[in-house]
Amino acid sequence: MNGAQLSEFPDDSELLRAAVSGLRRRALQAGELSAVSTFSGKFLVKFLRARDFDEELSLKLLLNYQRWRRESPEISTCLSPSSVIGLLNTTYHAVLPQRDHTGSRVLIYRIGQWNPKDWTAIQVFRVSLITSEIISTEAETQRRGLKVIFDLQGWSLGHALQINPSLAKKISSVLSDSFPLKVRGIHLVNEPMFFRPVFAMIRPFLPDKIKQRINMHGADFHDTLSDFFSPPVLPPEYGGEGPNIAEACQDWTLRLLQSEKLLQQISNHPTGDITITPEDALISEEGETEPLFEG
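Reading the values: rules and limits
- Residues numbered from 1 in each chain as written.
- Predicted model: local features only at pLDDT ≥ 70, side-chain atom pairs only at ≥ 80, totals over all residues.
- Heavy atoms only, no water.
- Helix = DSSP H or I, 4+ residues; strand = E, 2+ residues; numbered from the N terminus.
- Contact = heavy atoms within 4.5 Å.
- Areas by Shrake-Rupley, 256 points an atom, 1.4 Å probe, with all protein chains shown as cover.
- Pairing = 2+ DSSP bridges.
- Axes fitted to C-alpha atoms, helices over the stretch in contact; angles between N-to-C directions.
- Parallel < 35°, antiparallel > 145°, perpendicular 65-115°, else oblique.
- Left-handed = near helix turned anticlockwise from the far one by under 90°.
- Nonpolar A, V, L, I, M, F, W, Y, C, P; charged D, E, K, R; others polar.
- Core = buried A, V, L, I, M, F, W, Y, C linked by side-chain atoms within 4.5 Å.
- Buried < 20%, exposed > 50% of the residue type's maximum accessible area, 1.4 Å probe, protein only.
- 1 Å grid on protein atoms, 1.4 Å probe; cavity = no way out; pocket = protein on both sides within 12 Å on 5 of 7 lines; lining within 4 Å.
- Points joined across faces, edges and corners; volume = space filled by probe spheres on them.

Draft legend 1. Highlighting the overall build of the protein chain. Each helix and strand in the protein chain was counted, giving 15 helices and five strands. Once the C-alpha set of the protein chain is aligned to its principal axes, its extents read approximately 50 × 40 × 35 Å. Residue pairs at least 24 apart in sequence account for 74% of intrachain contacts in the protein chain once pairs closer than 6 positions are excluded. Looking at the protein chain as shown, the accessible area adds up to about 13,300 Å², and 53% of this sits on carbon and sulfur atoms.

Below you can see the structure in the form of structure tokens.
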């Protein structure tokens, strides 16, 4: 049985328990993780699914994730949606309610809604990390990954000046090898010419497989986005038939605020057990909560 087939099993499967036990044993033996004494099944299964149950690659991803958190405390130690509520209320970001035809989550970031005079690039990046931590707890997202649409309309020199090489490397690390999510596609729309220097700063840090998944659509994006996403998935502003972008952003902001306690648990004890309350419950499209792995 290959890793992709194993990933389809529910979290409480005995087959998954064996794989989780193996990764836990390796993690507890890793010198770099000697300060960590607990690795919950819920935490470890994310890394296994992200690397199709290859134990060696899963351990490497886990080490990278822990290293990234240690080296980026200005971002990783605060996962409070309330700390960036002003930015979220500008309709800057949404996770769309419907997955695409492959089951991937679809995220939208609207750069023009970010006023660089009010919000630093670190705070903006925090929004991405908060969302990533939430959706990485969803079993279906662990299996199917995510696709991201960056709407760069309104990109300005003020935005560009906030992106330095150090931050560019941190962004690329999350996209490639330091977070337990599969990035299945990156779509840039309305990208101006003067965005290219920033993109050129990030691109060298990305692995070839991620580079191959980047699509630039320009201003005439409605027709080309439809080659990747069906109309029910996208908001009307992006050529689709789903809820409008303002509604999608408001709904996701509410979801994040309802997950404040869960995010605090993750921030304080990322490798440990998390307690999901009814308010935090991760409800599937069918309206049922998928059992989470115990142990």
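The rest of the description comes next.
Draft legend 2. Spotlight on the sheet that holds strand S3 (residues 146-151). Strands sit in the order S1-S2-S3-S4-S5 across an open sheet of five strands; the sheet is mixed. Each edge of the open sheet carries a strand with a single partner, namely strand S1 (93-95) and strand S5 (214-218). On average, adjacent strands in this sheet sit at an angle of 15 degrees to one another, irrespective of strand direction. The pairing of strand S4 (residues 183-189) with S5 spans four bridges and is classified as parallel. Pairing of Ile186 across the sheet is with Ile214, part of S5. The sheet strands contacting helix H7 (residues 121-135) are S1, strand S2 (105-110) and S3, and the helix crosses S2 at an angle near 170 degrees.

Draft legend 3. View of the packing of helix H3 (residues 41-50) against helix H4 (residues 55-71). As a packed pair, H3 and H4 sit with axes 8 Å apart at the nearest point and diverge in direction by 120 degrees. Of the possible angle classes, the one that applies to H3 and H4 is oblique. Crossing of H3 against H4: the hand is right-handed. Between H3 and H4, the contacting residues are Phe43, Leu44, Phe47, Leu48 and Ala50 on the first element and Ser58, Leu61, Leu62, Tyr65 and Gln66 on the second. Split into classes, the residues belonging to the contact of H3 with H4 amount to eight nonpolar, two polar and no charged.

Draft legend 4. Spotlight on the nonpolar core. The biggest cluster of nonpolar side chains holds 71 residues, and the ones touching the most others in it are Phe39, Leu62, Tyr92, Trp114 and Trp155. Of all the elements, H7 adds the most residues to this core, at eight residues. Dropping the residues within four chain positions of it, Phe39 is found in contact with Arg24, Ala27, Leu28, Leu33, Leu44, Leu62 and Thr271. Core analysis: the next-biggest nonpolar cluster, separate from the first, contains 15 residues, Val189, Leu234, Ala248 and Cys249 among them.

Draft legend 5. Quick look at empty space enclosed by the protein. Evaluated as defined, the whole model comprises two cavities of 30 Å³ or more. As for the largest cavity, its lining consists of 31 residues, and the residues nearest its centre are Ser128, Phe150, Ile171, Leu175 and Ile202. Mapped onto the lining of the largest cavity, the elements with two or more residues apiece are S2, H7, S3, helix H10 (165-176), S4 and helix H11 (196-202). For the lining of the largest cavity, a count of residues per class yields 29 nonpolar, two polar and no charged.

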